[in-house]
Structures are given as structure tokens and as C-alpha cells.
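Working through the structure, step by step
Here are the chains, one letter per residue:
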Amino acid sequence: MKRFLIQRLLQLIPVLIIMTFIVFSLVYVAGDPVALMLPEEASPEDVARVQESLGLNEPFYVQYGIFLTNAVQGDFGQSYRYNQDAMSIVLERVPATMELAIASMIFATIIAIPMGIWSATRRNTFIDLFITGSSVLGKAMPNFWLGIMFILILAVNTQIFPVSGRGTFMHVVLPAITLGTAVAAEMTRLTRSNMIEILQQDYVRTAKAKGVSNGIVTYKHSFRNALIPVVTIMALQTSTLVGGAIVTEQVFAWPGIGQLLVQAVNARDMAIVQAAVFLIALLVIFINFIADVLYRLLDPRIKY
Amino acid sequence: MKDENQLLNVSNLQTHFFTENGTVPSVDGVSFQVNKGELVAIVGESGSGKSVTSLSIMGLVEDPGKIVGGDIMFEDKNLATYTNKQMRKIRGNDIAMIFQEPLTSLNPVFTIGNQLREAILQHQNVDKATAKKMSIDMLTQVGIPRADKVYNSFPHSLSGGMRQRVMIAMSLSCNPKLLIADEPTTALDVTIQAQILELMKDLVKKMDTAIILITHDLGVVAELVDRVIVMYAGQVVEQSDVFTLFKDPKHPYTKGLLDSTPKIQDLNEELISIKGTVPTPANMPEGCRFHPRCPHAMDHCISHEPQLETMENGREVRCWLFDEEVMEHERQKSGNEGTPQK
Amino acid sequence: MSQQVTPEPIPEPPVEPTPESKRRLKKSSPITRWAKLLLKSKTGTVGLFIVLVVFIVGIFADQLAPFGVNEQNYANMLAPPSWAEGGTSEHFLGTDNLGRDILSRIIYGTTISLLVGIFSVVVAGVLGMAAGLFSGYYGGWLDTITMRLVDAFLSIPNILFILVILSVLNPGILTLIFAIGVTNWVIYARLIRGEVLSVKEREYVKAAKSIGTKNMTIIRRHILPNVFSTFIVISTLSVATTIILEASLSFLGMGVQPPDVSWGYMLADGRDYLATNWWLATFPGLAITITVLGIIFLGDWLRDVLDPRSQGR
């Protein structure tokens with residue numbers, strides 16, 4: 001186990017390097033941030049001085065080196081809009097995004113797993129058709145539209161939920177469902193196909209031959225095996241989840257990283273863009289890593 | 001027909017599969033009996049309906065399959081009319097089953113002990129500690145060394161033979177009256193096959209459990225059972241005690257099966273295989289279902305379906321060759337030429 | 001008794017209907033065969049129908065749209081759909097805050113969605129196909145580098161990369177196509193590479209190699225045709241995700257820019273009028289959903305036909 005953990009962590013290094021390289025070179029190509037930082041009437045000397053102080057005259061690889069050293073320390077420079085350390089602004093937004101992501105993951109899981117199991121055990125019945133149909137629909141609906149429709153029906157017309165913002169439990173319900181729907185759709189589909197495969201296994205027949213109840217057959221013998229790939233899927237879905245969060249936060253004016261990032265991109269506040277992208281990528285990589293470890297713990301066949 | 005000694009009486013069992021492309025009668029009017037403590041084999045090629053017959057008895061026929069006719073009398077209960085809930089009290093308790101693939105028949109994510117005690121906890125009113133004791137005891141009985149260690153290990157750490165021993169322990173843990181073993185040794189090494197058969201034989205004798213052995217391997221049959229039922233294309237074609245069957249097979253199909261089994265004493269002799277394959281229900285021949293492959297097929301066989309007829313010593317055979325009237329007719333027609341030997 | 005505890009496997013199924021019927025189908029001409037397979041699947045037929053309609057609308061937008069894309073009707077601003085209360089007969093789906101006809105804008109938006117969807121898939125497909133083919137076929141350091149790159153791209157949500165690119169370049173249709181294309185190639189690269197690795201081991205490829213056929217010829221004649229069905233399936237389904245992606249980016253204000261129109265952009269506009277004028281945001285979203293649904297249906301059907309292993313999943 002220890003060896004596996006170390007190996008797996010070492011594998012992350014090239015991924016991180018490539019990731020930072022891509023982010024950095026894009027910003028490098030973006031050109032001179034100084035023009036945005038200084039007032040328009042600044043003299044060429046002022047510009048040169050700032051460029052000098054930011055190291056912008058150095059060759060590409062030196063700049064990347066500086067960027068990387070700073071990035072490791074969490075230093076992505078100052079946000080020109082906030083006049084503050086970029087990373088600390090981003091970190092302030094983390095709890096909001098985490099709250100949304102966790103809430104929608106919980107929503108997706110409690111919907112998708114029972115639905116997937118239910119449709120697998122009732123294959124080719126009306127229930128199965130309904131569930132698979134809904135999951136295709138859930139994938140086809142853009143989440144921002146779904147969010148807007150929720151706002152229209154449940155917040156504007158009936159006023160059950162608040163239209164936007166963060167605070168109470170009621171605030172998180174609509175964004176979480178909006179963001180969780182696409183994930184739930186994909187999870188339902190995969191849980192179903194895994195369950196169908198596992199219900200055909202010999203050991204499921206053995207369990208039935210023992211005379212145990214349908215519940216034990218489905219939830220103990222089948223689901224435990226179906227769960228293993230589902231964990232991987234959940235990890236892969238974090239990517240979808242984070243991507244979706246950027247848009248969902250915009251719809252519900254949710255004060256998370258996504259909203260901050262969109263504003264920063266629009267304002268070309270590159271320090272914040274870099275810090276946010278770096279942090280999100282780190283988070284996704286970390287979650288995938290956890291899933292990989294969990295996968296091994298769940299399946300006793302894998303030895304270390 | 002009611003016999004004190006009788007344990008299972010399957011009569012005119014019909015199990016059909018309702019597929020998109022029509023109804024498939026996998027088991028088509030099968031009847032046989034099993035007495036208490038008796039060792040019976042059902043023999044046939046794949047597609048003969050022998051596995052579906054056993055799954056029908058267990059109530060494990062899955063969609064789109066369904067028992068559409070006949071009775072399965074187990075003691076005084078008709079299992080053919082039982083619901084799944086009622087069957088659960090029978091399965092693993094009164095009737096247990098061992099499957100072909102020991103490698104895949106155990107759930108990979110639970111320990112041996114967990115899976116073993118499950119049946120005990122399900123059917124016997126004991127606590128976990130007692131169930132554990134009983135499980136370990138059972139593992140010892142099937143000849144597993146260091147049973148208490150194996151109890152806590154996962155299936156993947158055991159060999160195929162060991163896993164089949166675990167399966168036997170599991171199936172016998174509730175002292176069933178009937179054990180259905182579906183090709184229990186097919187997936188195992190030849191050396192291990194004999195050990196497993198020996199073990200099964202010992203245990204069922206000791207526990208007075210009856211066995212239905214499903215197999216295509218007549219070598220296994222000769223070693224283990226008292227009586228043989230030969231199935232072909234969803235029907236019973238011959239039924240006899242094991243010695244008579246090997247000495248004097250009646251049905252041409254049984255003869256074919258015996259001829260295609262290698263025997264030690266005449267290794268030089270050529271193995272004869274039965275030509276053709278089991279017909280699919282979609283193109284089931286008219287008349288006798290075996291006639292396209294039968295070396296003795298007569299005109300009568302092409303158009304008339306034979307019935308299962310009882311002969312001397314209670315053996316049964318489904319073949320026109322043993323119908324005096326038909327044979328007389330045939331002899332007259334062909335002028336004694338090419339009389340098939342019995 | 002009978003218990004269907006669960007559906008599926010028929011123990012010892014005496015007939016195998018599917019291969020039989022497939023064999024029967026193979027005898028007829030390819031077109032009839034495909035038509036038959038298509039009609040067998042209800043969702044496939046519906047999918048094809050939707051996709052055809054969307055294409056026709058997209059291609060003939062100019063002819064079909066009753067009004068110009070930015071044509072304003074000041075007399076009828078924020079008019080409800082013609083069939084709703086207070087609607088005007090000339091605007092079937094109503095008008096927006098500037099008095100523009102929503103139906104016409106959706107029709108013009110179809111063209112943009114298809115353009116972005118198809119061309120970014122082409123960019124991603126060509127890049128990914130090349131990467132997958134070469135890294136899978138040649139292996140070695142090329143493969144290692146490509147796969148590390150793929151890992152890096154996959155570990156980050158693609159919308160993040162696209163946002164970074166869009167923050168650097170000027171937004172617009174071409175930028176969008178480029179940005180989506182260069183981030184989505186990894187999906188193709190990974191799947192095509194996997195296919196190539198298995199095709200590479202087949203006898204005829206080894207035979208071709210042993211008689212000294214040039215690598216490029218082998219790739220073109222033997223490998224490419226074998227990975228093509230995978231390519232078609234991913235591409236089809238990618239168009240669906242790309243259309244949603246484009247709409248999302250346009251919704252965020254970073255995709256298609258006015259005077260061009262996009263469904264996502266219309267939705268962003270409509271959001272501000274949600275409380276009073278529901279039709280602004282509702283119909284563009286419906287257009288996206290129906291289009292994407294059609295493409296998914298068609299793609300799933302293609303996958304089932306081209307890859308029998310995945311049937312019923």
C-alpha cells in the first residue's frame with residue numbers, strides 16, 4: 001500500500017508540470033499585463049520599470065521557472081482589480097464552491113445509485129425505460145438552462161426557493177440540483193450497466209441458490225461489486241462537476257471560484273485566472289488520487 | 001406412484017423461454033423421480049435442457065424463462081407453484097446447488113466465512129458465533145486444511161479445487177435433502193476431479209442427501225451415481241440404473257454418448273462421435289427429435305414422435321426401435337433387410 | 001413459481017436469435033441493411049429525424065427565418081408567443097427586449113451551434129486522431145509524451161482550459177472552434193490509441209509489416225479503417241457535448257459575440273427578464289435540449305450498430 005501511494009504520487013508530478021506549463025504559456029502568449037495595470041497616461045519609463053520588476057523582460061523559460069517557484073509557494077502575484085494577493089482571494093471563495101460541489105454530489109449519489117439499481121433489476125420494464133429516458137434527458141439539458149427553469153418555476157413563480165445567493169439551506173437546493181443533474185444522469189447510466197453485468201455473475205446465482213432474500217442479493221452481493229467502478233466514475237465526474245459549477249455559480253450568483261474566475265477572465269485579471277485554474281486542477285487531481293486509493297481498498301483482489 | 005421413499009417427483013415439466021424471436025421450449029415434458037439419498041445423474045449434450053431442468057427445480061429460471069406446465073413434487077410440496085418467497089425457504093436449506101465454475105461462483109469481495117455463514121444464518125436459528133463454528137466445522141469436513149484461516153480469507157487466494165470444496169461446504173451446510181450439482185468438476189484438473197467426486201460421495205452418504213448430478217461426462221457418472229437419466233433436446237430419452245445403462249444402452253443416443261467416451265481398456269479403438277449437433281428449437285425435427293442424427297432411423301421415426309415407454313426393471317426409453325408393433329410393420333415393409341440391432 | 005429474481009442470462013440458451021438475424025441482414029445491400037437496423041431502433045430513428053431537421057434549419061436559416069437576426073420591431077417589444085395570452089400573430093415564439101423575433105433568432109442560432117459543434121469536433125478529431133494513431137502505432141517516447149499530455153488535459157475540466165484560452169484571444173466563432181478543438185483532442189487521442197494498440201497486434205498488420213510495407217501505408221490501409229467506427233461514434237457524441245459547451249460559454253459572455261446570435265447568448269439575455277417574460281429564456285434552452293437529445297440518440301444507435309459489445313448498455 002505504501003509503495004502504491006508513493007508511486008501514484010510520483011505519477012502526479014509530470015501531470016502538474018504539464019498543467020502549469022500550459023497555463024503559464026497561455027498567459028505568456030496573452031502578452032503584456034502591464035498595460036492593464038497602469039493608468040493609460042503612464043510614461044514608457046514607468047512601463048519599463050514595472051516590466052522589470054515583474055521579470056517580464058526575462059526569456060520564456062526563466063519566467064516559467066519563476067512562475068513555478070512562486071506557484072509552489074502559492075504565490076500567483078497580485079490581482080490588479082483587488083490589489084490583493086491572488087491566491088488568498090481565490091481561497092476565500094473555496095468554501096462556497098465546496099459547499100455547492102458536495103451538496104450536488106450528495107444529490108447525484110442519492111438519486112443515481114438507487115435509480116441505477118432499480119432500473120437494472122427491472123430491466124426492460126416501464127420503470128427501466130423511464131429511468132434510462134430521464135438520464136438521457138438529464139444529459140441533454142444544459143445545466144444553466146435547467147437552473148434558469150428552476151428559478152422560473154420554483155423561485156419566481158412559486159417563491160419556494162430564493163432566486164440567488166448563498167446562505168441558508170434553501171439557497172443551496174436549486175444550485176445543487178442544477179449542478180447534480182448531469183452527474184446523476186451519467187452515474188445512473190453507469191450504475192445500471194454495471195449492475196446488469198454483475199447480476200449475471202455466477203456468484204449472484206450462488207447467493208440466490210442459498211435462499212437469501214432479494215434485498216441481500218441486490219444490495220450485498222451485487223451492489224458491493226457494482227460500487228467499485230462507481231467510485232471511479234464519481235471521481236471522473238468531479239471534472240464535470242467543477243466545469244458545471246463555473247456555469248451554475250453564474251446562474252445563481254453563487255459566490256464561488258467559478259464566479260470569480262469568469263469575472264477574472266472577462267477583466268483579464270490573469271493572476272486570479274492562474275491561481276484559480278491551478279487550485280481547481282490541484283483539487284481535481286487530488287480527488288482522482290483519493291478515488292484510486294479507495295478503489296483499491298474496496299476490491300480485495302488487488303494486492304499491493 | 002406415491003412412494004414413502006420418494007423425495008422428488010418431476011412430472012411433465014415444461015420450461016419455456018419467451019424471446020423476441022418466439023417461444024423456445026427448453027424443457028419439454030420432462031418426468032423423473034429421485035428417492036431419498038439416491039444418487040442420480042442427468043446426462044446430455046449442451047442444449048439438451050438439463051441445466052434448465054435443474055434451475056427449474058431450484059426456482060432459479062430467469063426471465064424470459066418460465067415454467068409453463070408440469071409439477072415438481074418435493075416431498076409433499078409442489079415447487080412449480082411456489083413463489084420466490086416460498087422458494088427461498090427451500091433453496092439452500094432443503095435443496096442446495098453447486099455450480100460449474102468455482103472460480104466465479106464465489107463473490108470476490110466477501111470472505112469465505114461471510115458467504116458460508118450466510119446460508120446458515122438464513123435457514124437456521126443460530127447466532128453468528130455458532131454459525132461461524134458450524135462453518136469452520138463444515139470446511140474441515142470438506143477437507144480444507146487450516147479451516148479457521150480460510151474462513152477469513154477471500155476467494156481469490158484459494159485454488160479452483162479449494163473453492164469447489166468451499167462450494168460443497170456451503171451447499172451442505174444446512175444439511176439439505178437434495179443436492180443439485182451442475183457439472184461440479186468440469187472446470188477442475190483431472191486429478192482434482194476424482195478427489196472432489198469422492199468427497200461428494202462420502203459426504204452425501206453420511207448425510208443421507210440425494211444428488212442430482214448434471215453432467216455430459218459419462219466417466220463422472222460411472223464413478224458417482226446409482227441411476228442415469230439421459231436427456232436430448234428438452235426431453236428424457238432414456239432412464240436406467242447405471243450398471244444396466246453402461247452394459248446395455250438402449251437408445252441410439254445413449255449408445256452414441258457411450259461410444260464417444262474414451263475407455264481405458266480399448267485405447268486403440270477409434271472414438272466414434274455422434275454426427276451433427278443438438279437441434280435448436282427453431283428447427284426441431286418432426287417425429288423423433290433424434291432421427292436426423294440416428295444411425296437406425298426408420299421412415300416411421302421421421303413422422304411419428306415416440307413416447308417414453310417403461311421396459312423391464314423399471315427402465316424407460318423413448319425410441320420406436322422398442323415398439324413391437326412398429327418394428328413388425330417395418331420388418332414387413334423392408335423385408336427384413338437392414339434390421340437394426342438392439 | 002417462476003421467479004424472475006433478475007432479468008437476463010438464459011442458462012443454456014438454445015437459440016441465439018441476434019446473430020442469426022444479423023446474418024440474414026448481411027445478405028442484403030448495405031443501404032437496406034442500415035435502414036433496417038435504423039428502423040429497428042425507435043430512438044435511432046427519432047435521433048436521425050431530429051438531426052436531419054436541425055441540419056435543414058441550420059443550412060436554410062436565411063430562407064426559413066421569418067425575420068432578420070437583428071431585425072427589431074419597436075412596436076412589439078417583449079411580445080409573448082403568438083399562442084399565449086397577449087401574443088401577436090407574427091411572432092410565433094414572441095419577441096425579446098429589443099423586439100427581435102425569438103423564433104428567427106433560434107433558427108439563426110442553429111447555424112452557429114452547428115458550425116461551432118461540427119468544426120471544433122473536426123479540429124479535435126483531426127488532432128486527436130493523428131495523436132492517437134501515431135502514439136499508438138509507434139509507441140516509445142512519442143507515446144509516453146502524448147499520454148502524459150493527455151493525462152494532464154484530462155485532469156483539468158476542459159472548460160477551464162477553454163476559459164484561459166478565451167481570456168487570451170479575442171472571443172468569436174473562430175476562437176471558440178479553436179479553443180474547443182485544442183482542448184477536446186485528448187478524448188480522441190486516448191480512445192483511438194487504445195484501438196490502435198489492439199489492431200496493431202492483428203495478423204494482417206503483422207503480415208504487412210513482415211513484407212516490408214511502409215509504416216504510413218500500413219496506418220492508412222490497415223489501421224485507419226479499423227479505428228474509424230470508434231472515431232465516428234466519438235465524433236457524433238462530441239458534437240452534442242460541444243453544442244452544450246458552446247452554449248455555456250456564450251451564456252458566460254465569452255463565446256459567440258453579437259451581432260452573431262447563439263442559443264446560450266439568448267439564454268443569458270433572457271435570464272434578466274425571467275420574472276416577467278418567461279419565453280425569452282425558455283425556448284433557446286428547449287432548442288439546445290432537443291438538438292442534443294437527437295444527436296445523443298443517433299450516436300448511441302451508431303455505437304450499438306458499430307460496436308455490438310455495447311448493446312443494451
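The following paragraphs examine the structure supplied in this document.

Conventions and cut-offs
- Residues numbered from 1 in each chain as written.
- Chains lettered and ligands numbered in written order.
- Predicted model: local features only at pLDDT ≥ 70, side-chain atom pairs only at ≥ 80, totals over all residues.
- Heavy atoms only, no water.
- Core = buried A, V, L, I, M, F, W, Y, C linked by side-chain atoms within 4.5 Å.
- Buried < 20%, exposed > 50% of the residue type's maximum accessible area, 1.4 Å probe, protein only.
- Helix = DSSP H or I, 4+ residues; strand = E, 2+ residues; numbered from the N terminus.
- Domains from an automatic or database assignment.
- Contact = heavy atoms within 4.5 Å.
- Pairing = 2+ DSSP bridges.
- Patch = residues over 30% accessible without salt bridge, like charges linked within 9 Å, V, L, I, M, F, W, Y side chains within 5 Å.
- Areas by Shrake-Rupley, 256 points an atom, 1.4 Å probe, with all protein chains shown as cover.
- Salt bridge = Lys/Arg side-chain N within 4 Å of Asp/Glu carboxyl O.

**Overview of the nonpolar core**
Within soluble globular proteins, side chains that are nonpolar tend to cluster in buried spots. By size, the foremost hydrophobic cluster in this structure holds 140 residues, and its most contacted members are V90(A), L261(A), I223(C), F251(C) and I288(C). Ranked by residues supplied to this core, first place goes to helix α10 (residues 215-251) of chain C with 15 residues. Here this core gathers at least three residues from each of two domains, domain 1 (2-73) and domain 2 (88-257) of chain A. Among all residues touching I223(C), those that are not within four sequence positions of it are L133(C), Y137(C), V196(C), V199(C), K200(C), V205(C) and I218(C). V142(B), I196(B), V236(B) and V326(B) belong to the second-largest nonpolar core, a separate cluster that totals 102 residues.

**Observations regarding the sheet that holds strand β1 (residues 6-19) of chain B**
Across the sheet, which stays open at both edges, the four strands sit in the order β2-β1-β4-β5 (chain B) with antiparallel pairing between neighbours. Looking at strand neighbours, the two that pair on one side only are β2 (22-35) and β5 (77-78) of chain B, the edges of this open sheet.

**Brief notes about the side chain of S171(B)**
All names here are of chain B. Structurally, the position occupied by S171 is in helix α6 (residues 160-172). A relative accessible area of 5% means that S171 is categorised as buried. The residues contacting S171, other than those within four sequence positions of it, are A96, M97, I98, P176 and L179.

**Topic: a nonpolar patch on the surface**
All names here are of chain A. On the surface, a nonpolar cluster with roughly 520 Å² of combined accessible area is contributed by M98, I102, I106, I110, I111 and L283. With five residues, helix α5 (residues 86-121) is the largest single contributor of residues to the nonpolar patch. Within the secondary structure, I111 is located in helix α5. A relative accessible area of 34% places I111 in the partly exposed class.

**A look at the pattern of salt bridges**
Opposite charge on two side chains permits pairing when their charged atoms draw close. The final tally for this structure, using the stated rule, is 22 salt bridges over all chains. Linking K208(A) and E62(B) is a salt bridge whose minimum nitrogen-to-oxygen distance equals 3.1 Å. Of this pair, K208(A) sits in helix α9 (residues 202-209) while E62(B) sits in the loop between α1 (50-58) and β4 (65-74), placing the two residues on different chains. Relative accessible area serves as the criterion here: at 3%, K208(A) is assigned to the buried category. One salt bridge connects E38(B) with R227(B), and the closest N-O pair in it is separated by 2.6 Å. Of the two residues, E38(B) sits in the loop between β2 and β3 (39-43) while R227(B) sits in strand β9 (residues 227-232), which places them 189 residues apart along the sequence.

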